Amino acid sequence: MSTRRTVFCNARLIDPASGLDAKGGLMVENGKIADVGGRLFGDVDRNDPEVIDCKGLILAPGLIDMRVFTGEPGSEHRETLESASRAAVAGGVTTIIVMPNTDPVIDEPSLVDFIRRRAEATARVRVLPMAALTRHLKGEVMTEMGLLKEAGAVAFTDADRTLSNTRVLRRALAYASTFGTLVVGHAEDPDLTAGTAVNEGEYATRLGLPAVPAAAEVMIVERDIRLVELTGARYHFGQISCRASLQAITDAKARGLPITCGISAQHLALNELDVGPYYTFMKVKPPLRSEADRAAMVDGVASGAIDVIVSSHDPQAADTKRQPFTQAAFGAIGLETLLPVALGLHHSAGVPLGRLLGALTSAPASILGLPGGRLAKGAPADLVLIDPDHPFLLDPDKLHSRARNTPFEGRKFQGLAVRTFVGGETVFDRSADEAR
Amino acid sequence: MSPATAVPPILKSNHLLGIEGLSVAEITSLLDLAEEYVALGRAKEKKSPLLKGRTVINLFFEPSTRTQSSFELAGKRLGADVMNMSVRTSSVTKGETLIDTATTLNAMRPDILIVRHQDSGAAEMLARKLDCCVVNAGDGSHEHPTQALLDALTIRRRRRSFEGLTIAICGDVAHSRVARSNIHLFSKVGARVRLIAPKTLLPVAADRYGVETYTDMYEGLKGVDIVMMLRLQLERMTGAFIPSTREYFRYWGLDRDKLAHAKPGALVMHPGPMNRGVEIDSAVADDIEVSLIHEQVEMGVAIRMAVLDALSRGLCAEGRNV
């Protein structure tokens, strides 16, 4: 069997896991990274067909997006694994973690298997399913976490639902910790949140929209931290959105609890005022918060207190978004804007590139126990070539998702994915894509 | 001098409420006495007149086949009059309190009351209120002393000594009175006890008992001499403490594969009744080379005869202590 080899030269290598940020090169053999380092391959023949000249652009591990909703199975008109994967590669994302709140709910080992096989057959990126924490996401009966984990579930979550029964949650966490498996929680008090559409505050009052206070998130964060303390479960808050939540999580981490948290790119880039004149693409869960909270979240990413940035990609069809604000569906797509939003924080808020890329690669990999997310010998050659400075205006018609509900229409960005590789193979090339 | 006072006393207390309050000497004497009743039970003439004229009441608030019939047989072999009262036929279903039921029975002047109740501490409450001997035949999630004693007798007959033995108690430890009594007993007599269960079924602060805890059967069974399986209370477990019985069997059900990780020659016990294919595989349960399950039942009768014998030695020869 012949060895398939590709050499990347003239790259700015950024590997957040090791702290590497240097000019150098990387070699891929049979889908895995065979060599990587500063000053490597400086004198290689750049016309060799096996050589890719990175022209000084950033070569980083492909992004791992820990929070992606698709419509497969059950709502394929919104998004399939295939269409989500096309959006992913265009955004430099090489692994997507898909949520279990599909129809049917992913709460059976055979359904985990279905997602994996379906992704294998259709998707261009690695697709890893999370399974439901409770059967049918009803918050009553825990799922078969052992069998689901063996089938390939990487974590357990009730997606965008918060368990209200603490007895069930306690037992589910204790049971999960038996298998050392990760539980991902959503923090929005179900009763306080019911029927609301935006963040409680002056602007919501002016709009006359039903609103939920940030405290609805904080109290669940604090509650769940207590249950983690009781059970020893590994726990990840899928996305938080306000300063007080972050404070509680920071304190819990300082006490040595196995807790991590994520934030969506929308919540780093937008605030409650972006809802503007009832713009339903800004209706997300949890709601966009105050500018003070948004700024605190950016600081949290910069300090490392927030571990992971996710797209929270949630494709919605026009019929569910073209509605009065309170009736419109929640959710925004984000796979293709994840990297540009993160790079924006580097350009405008001075967040170090290594920190931002770490929250998109090595941090989710280590939380989920994945082999990727780093530039290291033996790691899968999932890579992204990034032009950190390329300016563009976001045109929803150029996005690859089946859905169009981006909150960033017309927004100016600086920096994007130029080329994406999964297992050493090119799965996206912007120059070819723009010629389509 | 009546025969009852001619033999040396075994128990300091007038009741057998749990293993926790027993000394090693009391446990050893009960096991030694039970050996005599094993021999009697294997003889053609299985009866002794020791409790002739005495009244033993079996008061069972929870359904039981094995323990109740074992006590009944033990009492009858010792010549006592045995009356069975179970909850379905008692006036407890008509709203009578436990104390009222017990004092009513007390007025019938029994010598020994054997009680099983779904609430922890019920046997102790009766012992305080009544003036007959009380034997705890299982109270809630607290203790089931005769089960632990019969388990100990079964093991001692196979292994001679408890010193240096490692005993794994597997399954629903959190709700098990059998597990609690066994933990007390085997810790007292010098064996090492391990608990193996999913975290939802491990009792809180189990380490304070001086036992080791494991969640992985393969790891926990390493080097184990005796594997004690517990019954999974299916009716209240599924969904609450474990997701399903098929998952439970996959990770905590004892099959040949998991048993192979224990010490060669390891023996398997189960207090019964078994859920085959849930906590134990039939291939293991029915393997007479490793399974002590039927022996446990035989030892159960002998132990209960020994307990009735021991308690009767404290009874006044002329009648009850009033």
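Summarised in this report is the structure supplied together with it. What you are looking at is a predicted structure, and each value in this text was computed from that prediction instead of being measured. (Residues numbered from 1 in each chain as written. Chains lettered and ligands numbered in written order. Predicted model: local features only at pLDDT ≥ 70, side-chain atom pairs only at ≥ 80, totals over all residues. Heavy atoms only, no water.)

Section: the overall build of chain B
No. 1: A tally of regular secondary structure across chain B gives 13 helices and nine strands.
No. 2: Dimensions of chain B, computed from C-alpha atoms along their principal axes, come out at roughly 60 × 45 × 35 Å.
No. 3: The proportion of buried residues among the 322 residues of chain B is 58%.
No. 4: Sequence-distant contacts in chain B: of pairs separated by 6 or more residues, those separated by 24 or more amount to 74%.
No. 5: For chain B, the accessible surface area stands at approximately 13300 Å², while carbon and sulfur atoms represent 52% of it.
No. 6: If the 40 positive side-chain charges of chain B are averaged to one point and the 38 negative ones to another, these points end up 2 Å apart. (Helix = DSSP H or I, 4+ residues; strand = E, 2+ residues; numbered from the N terminus. Buried < 20%, exposed > 50% of the residue type's maximum accessible area, 1.4 Å probe, protein only. Contact = heavy atoms within 4.5 Å. Areas by Shrake-Rupley, 256 points an atom, 1.4 Å probe, with all protein chains shown as cover. Lys, Arg positive; Asp, Glu negative; His and termini not counted. Charge placed at Lys NZ, Arg CZ, Asp CG, Glu CD.)

Points about the interface of chain A and chain B
No. 1: The interface is formed by 20 residues belonging to chain A together with 16 residues belonging to chain B.
No. 2: Of all residues in chain A, Arg171, Tyr175 and Thr178 of chain A bury the most surface against chain B, accounting for 36% of the area lost on that side.
No. 3: Taken together, chain A and chain B are joined by three salt bridges.
No. 4: Across the salt bridge formed by Arg250 of chain B and Glu150 of chain A, the nearest N and O atoms sit 2.5 Å from each other. (Buried area = accessible area lost by both parts, 1.4 Å probe. Salt bridge = Lys/Arg side-chain N within 4 Å of Asp/Glu carboxyl O.)

A word on the sheet that holds strand β6 (residues 192-196) of chain B
Residue and element names in this part refer to chain B.
No. 1: As summarised here, the arrangement of the five strands in space is β7-β6-β5-β8-β9, forming an open sheet in which the pairing is parallel. The outermost strands of the open sheet, each flanked by one partner alone, are β7 (212-214) and β9 (267-269). Mean inter-strand twist for the sheet, computed between neighbouring axes without regard to direction, equals 20°. (Pairing = 2+ DSSP bridges. Axes fitted to C-alpha atoms, helices over the stretch in contact; angles between N-to-C directions.)

So, empty space enclosed by the protein
Rolled over the atoms, a probe as big as a water molecule pinpoints where empty space is left.
Residues and elements named next belong to chain A.
No. 1: Taken as a whole and judged by the stated rule, the model has six cavities of 30 Å³ or more.
No. 2: Size it by volume and the largest cavity reaches roughly 80 Å³.
No. 3: What lines the largest cavity is a set of 15 residues, and nearest its centre among them are Arg161, Leu163, Gly185, His186 and Tyr235.
No. 4: Elements supplying a minimum of two residues to the lining of the largest cavity: β10 (182-185) and α7 (215-231).
No. 5: Element by element, the count of residues in the lining of the largest cavity is highest for β10, at three residues.
No. 6: Classifying every residue of the lining of the largest cavity by side-chain character gives seven nonpolar, four polar and four charged.
No. 7: Ala197, Val198, Asn199, Tyr203, Ala204, Leu207, Glu272, Val275, Met282, Pro287 and Leu288 are the residues that line the second largest cavity.
No. 8: At the level of elements, β11 (198-199) and α6 (202-207) are the ones that each hand at least two residues to the lining of the second largest cavity.
No. 9: Tallying contributions element by element places α6 first for the lining of the second largest cavity, with three residues.
No. 10: Looking at the lining of the second largest cavity residue by residue, the class counts come to nine nonpolar, one polar and one charged. (1 Å grid on protein atoms, 1.4 Å probe; cavity = no way out; pocket = protein on both sides within 12 Å on 5 of 7 lines; lining within 4 Å. Points joined across faces, edges and corners; volume = space filled by probe spheres on them. Nonpolar A, V, L, I, M, F, W, Y, C, P; charged D, E, K, R; others polar.)

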